[in-house]
Amino acid sequence: MADFTVGDDGFRIDGRPVRLLSGALHYFRVHEAQWDHRLAMLRAMGLNCVETYVPWNLHEPAPGRFRDVGALGRFLDAAQRAGLWAIVRPGPYICAEWENGGLPAWVTGRFGRRVRTRDEDYLGAVRSWFAALLPQVAERQIGRGGPVIMVQAENEYGSYGTDEVYLRRVAEMLGECGVGVPLFTSDGPEDHMLTGGSVAGLLATANFGSGAREAFRVLRRHRATGPLMCMEFWCGWFEHWGAPPVVRDPAQAAGALAEILECGASVNVYMAHGGTNFAGWAGANRSGPLQDGELRPTVTSYDYDAPVDEYGRATEKFRLFREVLAGYADGPLPEPPPEPVGPAAPVRAELTEWAPLPAVLEALGEEESEESGVPPTFEELGVDRGLVRYRVAVPGPRRPYTLGVAGLRDRAVVYVDGELRGVLSEEAADLAEPVAGPAEVELWVESLGRVNYGPRLGEPKGITGGVLHERQYLHGVRARALRLDAFDEPGAVAGVAFAPVDGSGTTGLYRGAFEIAGADGLDHAGLELPGWTRGFVWVNGFCLGRYWSVGPQRTLYVPGPVLREGANEVWVLETEGAGAPYVELGPGLPVRAGR
Ligand code: GLA
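What counts and how
- Residues numbered from 1 in each chain as written.
- Predicted model: local features only at pLDDT ≥ 70, side-chain atom pairs only at ≥ 80, totals over all residues.
- Heavy atoms only, no water.
- Helix = DSSP H or I, 4+ residues; strand = E, 2+ residues; numbered from the N terminus.
- Rg over C-alpha atoms; globule rule 2.2 N^0.38 Å.
- Buried < 20%, exposed > 50% of the residue type's maximum accessible area, 1.4 Å probe, protein only.
- Contact = heavy atoms within 4.5 Å.
- Areas by Shrake-Rupley, 256 points an atom, 1.4 Å probe, with all protein chains shown as cover.
- Lys, Arg positive; Asp, Glu negative; His and termini not counted.
- Charge placed at Lys NZ, Arg CZ, Asp CG, Glu CD.
- Axes fitted to C-alpha atoms, helices over the stretch in contact; angles between N-to-C directions.
- Parallel < 35°, antiparallel > 145°, perpendicular 65-115°, else oblique.
- Nonpolar A, V, L, I, M, F, W, Y, C, P; charged D, E, K, R; others polar.
- Near = heavy atom within 4 Å.
- Polar contact = N/O pair within 3.5 Å; in protein donor to acceptor, adjacent residues only side chain to side chain.
- UniProt positions renumbered as here; feature names shortened; annotations may be inferred.
- Salt bridge = Lys/Arg side-chain N within 4 Å of Asp/Glu carboxyl O.
- Phe/Tyr/Trp six-rings, centres within 6.5 Å; stacked < 30°, edge-to-face > 60°.
- Pairing = 2+ DSSP bridges.
- Expected span 1.5 Å × (residues − 1).

Looking at this structure, how should I read the overall build of the protein?
A count of helical and extended segments in the protein gives 13 helices and 30 strands. For 595 residues, the compact-globule estimate of 2.2 N^0.38 gives 25 Å, and the C-alpha radius of gyration of the protein, at 25 Å, lies within 12% of that figure. Its C-alpha atoms put the protein at 80 × 55 × 40 Å along the principal axes. A burial count over the protein gives 60% of its 595 residues as buried. Residue pairs in contact within the protein that sit at least 24 positions apart in sequence constitute 79% of those at least 6 positions apart. As displayed, the protein offers around 21,800 Å² of accessible surface, 51% of which is attributable to carbon and sulfur atoms. Computing the positive centroid from 56 side-chain charges and the negative centroid from 78, the protein places the two 3 Å apart.

What's the story with the environment of Gly196 in this structure? I'm lost.
The residue Gly196 is located in helix α8 (residues 191-197) in this model. A relative accessible area of 9% means that Gly196 is categorised as buried. Taking C-alpha positions, Gly196 is 9.4 Å from Leu167, a pair spaced 29 residues apart along the chain. Gly196 has contacts with Tyr157, Gly158, Gly161, Thr162 and Leu167, leaving out every residue within four places of it along the chain.

What is the right way to look at the packing of helix α1 (residues 35-45) against helix α11 (residues 316-326) in this model?
The packing of two helices is summarised by the inter-axis angle and the distance between the axes. At a minimum axis separation of 8 Å, α1 and α11 run at an interaxial angle of 50°. If you check the angle between α1 and α11, you find them oblique. Of α11, the residues touching α1 (which contributes Met41, Ala44 and Met45) are Phe318, Phe321, Arg322 and Leu325. The residue inventory of the contact of α1 with α11, partitioned by class, reads six nonpolar, no polar and one charged.

Please clarify how the site of the ligand should be interpreted in this entry.
In the vicinity of the ligand lie 15 residues, with Tyr53, Glu97, Glu156, Glu232 and Tyr304 positioned nearest. The separation between an oxygen atom of the ligand and a polar main-chain atom of Ala96 is 2.8 Å. Within the complex, the protein chains bury 96% of what would otherwise be the 300 Å² of accessible surface of the ligand. In the shell around the ligand, the residues fall into ten nonpolar, two polar and three charged.

Honestly, the UniProt feature "domain: Beta-galactosidase 1-like first all-beta" (unreviewed entry) in the protein in this entry has me stumped. Any pointers?
Feature annotation in UniProt assigns "domain: Beta-galactosidase 1-like first all-beta" (unreviewed entry) to the following positions: residues 375-476. Segment residues 375-476 splits into 4% helix and 57% strand. End C-alpha atoms: 8 Å apart.

Honestly, unusual backbone geometry in this entry has me stumped. Any pointers?
For residues that are not glycine, phi is negative in most cases, and the peptide bond is trans in most cases. The omega torsion across Arg409 and Asp410 is 5°, close enough to zero to call that bond cis. Note on placement: Asp410 falls in the loop between β16 (403-409) and β17 (411-416). In the segment running from Gly437 into Pro438, the intervening peptide bond is cis, with an omega of 5°. Looking at the element boundaries, Pro438 is found in strand β19 (residues 435-446). Positioned with a positive phi, Arg116 is a non-glycine residue whose angle comes to about 60°. Here Arg116 lies in the loop between α4 (105-111) and α5 (120-133). In this structure, Glu156 is a non-glycine residue whose phi angle is positive, near 40°.

Would you mind going over the pattern of salt bridges with me for this structure?
Between side chains of opposite charge, pairing is possible as soon as their charged atoms come close. Enumeration according to the criterion identifies 48 salt bridges in this entry. The partner of Arg319 in a salt bridge is Glu316, with the nearest N and O atoms 3.6 Å apart. Note that Arg319 and Glu316 are positioned in helix α11 at a spacing of three residues, about one turn of the helix. With a relative accessible area of 43%, Arg319 lands in the partly exposed category. Here Glu379 and Arg450 are joined by a salt bridge, their closest N and O atoms 2.7 Å apart. Remark: Arg450 occurs in the loop between β19 and β20 (462-469) and Glu379 occurs in helix α13 (residues 378-381); sequence separation between them is 71 residues. Several salt bridges converge on common partners, so that one network encompasses Arg67, Asp384, Arg385, Arg483 and Asp485.

What is the right way to read the packing of aromatic side chains from this model?
The relation between two aromatic rings is expressed through the spacing of the ring centres and the mutual angle of the planes. According to the stated counting rule, one finds 31 aromatic pairs in the structure shown. With 4.8 Å between their ring centres and 70° between their planes, Phe28 and Trp98 make a pair best called edge-to-face. With Phe28 in the loop between β4 (21-24) and α1 and Trp98 in the loop between β6 (85-89) and α4, this pair connects stretches of sequence that are 70 residues apart. Accessibility classification places Phe28 together with Trp98 in one group, the buried group.

I keep staring at the sheet that holds β6 and nothing clicks. Help me out?
Strands sit in the order β4-β5-β6-β7-β8-β9-β10-β11 around a closed barrel of eight strands; the barrel is parallel. Within this sheet the neighbouring strands show an average axis-to-axis angle of 25°, counted without direction. Pairing of β4 with strand β5 (residues 49-53) involves three bridges; the strand directions are parallel. When the sheet's bridge partners are listed, Ala24 is paired in β5 with Glu51. Packed onto the sheet, helix α9 (residues 212-222) meets β9 (203-208) and β10 (229-234) and runs at close to 150° relative to β9.

How should I be thinking about the UniProt feature "domain: Glycoside hydrolase 35 catalytic" (unreviewed entry) in the protein in this particular structure?
The UniProt record marks residues 11-325 with the feature "domain: Glycoside hydrolase 35 catalytic" (unreviewed entry), using the residue numbering of this structure. The span residues 11-325 carries 34% helix and 17% strand; its end-to-end C-alpha distance comes to 18 Å.

Can you help me understand α5 in this one?
Counted at 1.5 Å a residue, the expected span for α5 with its 14 residues is 20 Å, and the 20 Å between its end C-alpha atoms agrees. Tucked inside the fold, the buried residues of α5 contact α2 (56-59), α3 (71-81), α4, α6 (135-139) and α7 (164-176). Its side-chain oxygen 3.2 Å from the backbone nitrogen of Asp121, Asp119 forms the N-cap of α5.

This is how it looks when you write it as structure tokens:
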């Protein structure tokens, strides 16, 4: 059986020196029926390895309740079929612009700031997750004939903390769960990050987007010998709602890649193919150098301006990277697989039925909570993604005062006595017009994605302070959750009392249909919602993710495998204000060419 080693003079497979030319591709951001195509694109670009994270929160939605844990193993099998080695980064924290950096909301809700430390209760939760996940990795290690050559402990821990005991415990737990391949850590190329994030005896790697020579000089201060590797070569970047689009010049990125390889180093191109944050799993940042400012939620697309774009197509960056990588290949590179195709002409889906949000809550919501003094957070209600309706009374009689929310995360659509009175955010959390008492207040609060990086990691969602009238807290709150997961059940919306659509502009759940001839030949479509404000959209029960008129993303990626020959169904859950009653499926965005 083959083996992979990390020695003073570099990486070796079966004793032969090897340079890892790896690319990141997260299996959970690509429809499974498209894995083979995307992996073939990586091979064709000149890579010999694929790297993936594993998101704990996707696979363990509630303590001890696991969901499709086998996906990782199936992906590793696909990687092997494609002729690629594999690097696995199982966290438990992964960052990755993913909700809560991959930590389940029940973990951060329960352990708070004790996560990512030596705390025994937190470590117990990690241990039971690793025990469920890691057999798939252990079985597929190179020594057992599989593709897995290396596994990461934690993720950029040095950007977060200094608990050496914790990092060592994570590494030990990986071993206890059968991981026998070399372990590594990855960190920013700065002394404080490398001292906080690396573990004696484990390979240390560096993450950066340019300046390889300088970055490796810093890494060498911490590791005098051993292979050099850039574990995340950021060849593009992600985007935030309400911010300008992000692009990185392909030629400049190819130059930065060449510099890494000229240093004799290995590389993992982050991302080789980014994919999509389906089903509301996108994370969020906080602004400012210390990542503790305003919330900056990440968009649904994870295109990342990567060489293989969100639609699976080769970009200019792909061609330039391929030229660079060809110089380090053992032989001629395989040709790329056929380019994915979208619909030739747009297809309109008329939305003919509608149900108001309270009716949706009635059919798909959780039980309303008992009245409590303060509002429960999403964590206390067991909600990861979705909405919560809070109800509270303003006592009266009293004259009008400002009504606001302290600790709002992240956005609330507010009704007073049944009338829409405004949309609040954390930063603008007071209604414009004062409210007199008595009055009944409803706040429909939506999480825009949990913070995945920095000191605010794991902060709760919902109303984390209270509803204020003047300076007075309004106590006596009832909360009712609409979990996004509720839409996953087969026949989920069957119990919703729909009525024919009558005009537009109203919040609620819209339903419609469209026909596709020749859907079998379609690899994708791009869905647009002209005039719609913010919400989620599903095609044939598959949640494409969040849309939001603030941009920059306008078009949602629809994987071809979710489309059906003949009749297809669309649901749109609009939380702020609907557009005209249709959506459009078109060919998708043009391929980026050297933008
Ligand atoms: C860091 C993290 C990654 C990702 C990138 C930015 O390097 O390790 O998970 O968040 O930043 O895309």
